[in-house]
Amino acid sequence: MTSMKRRTLLHNLVSAIAVVPLLGAQAKTAGAFNSFDGERQPPVQAGDAQYMRRAIRLAGNNPKYPFGALLVDREKGIVVGEGWNRSVKNPTWHGEMDAINKCAAAHPKIDWTRLTLYTTAEPCAMCQGAVAWSGISRVVFGSSIPFLKSLKWWAIDIRAEEVAKLSTFRNCAVVGGVLEEECNKLFQAALNVK
Ligand SMILES: [Zn+2]
């Protein structure tokens, strides 16, 4: 082995060691992902099922595309936006976008970081992107993207949690599976709606 090669090996070894603390810092950031306000939150919170029931009722406005959504101000305990799928009028008008747009119109100065989005189905990349841009810090969904795919619903194949993780300028907790069976039934039944 030449001294040059030895130096390169030594350099690589030192570089590898130097990377360890960095990885540690990344792991810490990833661990903080499921929290807001610096505190770790339990995945499901009081009121989640009640608000999801309301999202299911909103989904009833469009039984063929039963994507219902609402925004809740956690501090005040009030609903600040409700929506459902209107993609017949505008292809980007998903339930979550409807709720976000209605909230922005009705509450122009709202602190979005206090809001939780409830939605019958896991947000697509567009809607989870809108969640990041608006600053919504918690998302609760019923049916998952893999479930929708299993029923042959169109889906962009990236999980909401992944989009949230990649939106590193925000801290958004994503919780799935709330009233999942009820939500799944909506999407199964929708396949028979003419
Ligand atoms: Zn969407």
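Residues numbered from 1 in each chain as written. Predicted model: local features only at pLDDT ≥ 70, side-chain atom pairs only at ≥ 80, totals over all residues.

What follows concerns the overall build of the chain. Summing up its helical and strand segments, the chain has 7 helices and 7 strands in all. Counted from the first residue to the last, the chain has its helices and strands arranged as α-β-β-α-β-β-α-β-α-β-α-α-β-α. When the 194 residues of the chain are sorted by exposure, 33% land in the buried category. Across the chain, every contact between residues at least 6 apart in sequence was considered, and the portion connecting residues at least 24 apart equals 61%. (Helix = DSSP H or I, 4+ residues; strand = E, 2+ residues; numbered from the N terminus. Buried ≥ 20, exposed ≤ 12 C-beta atoms within 10 Å, placed from the backbone. Contact = placed C-beta atoms within 7 Å.)

Here helix 3 (residues 95–106) crosses helix 4 (residues 125–134) at 25°, and the two axes come no closer than 9 Å. In terms of orientation, helix 3 and helix 4 fall into the roughly parallel class. Taken as a pair, helix 3 and helix 4 cross one another with a handedness that is left-handed. Counting all contacts with helix 3, which are made through Glu96, Met97 and Ile100, the residues of helix 4 involved are Cys127, Ala130 and Ser134. (Axes fitted to C-alpha atoms, helices over the stretch in contact; angles between N-to-C directions. Parallel < 35°, antiparallel > 145°, perpendicular 65-115°, else oblique. Left-handed = near helix turned anticlockwise from the far one by under 90°.)

In this structure, alanine 55 sits in helix 2 (residues 48–59). For alanine 55 and threonine 119, which are 64 residues apart along the polypeptide, the C-alpha to C-alpha distance reads 6.0 Å. The residues touching alanine 55, leaving out its near neighbours within four places in the chain, are Gly68, Ala69, Leu70, Tyr118, Thr119 and Thr120.

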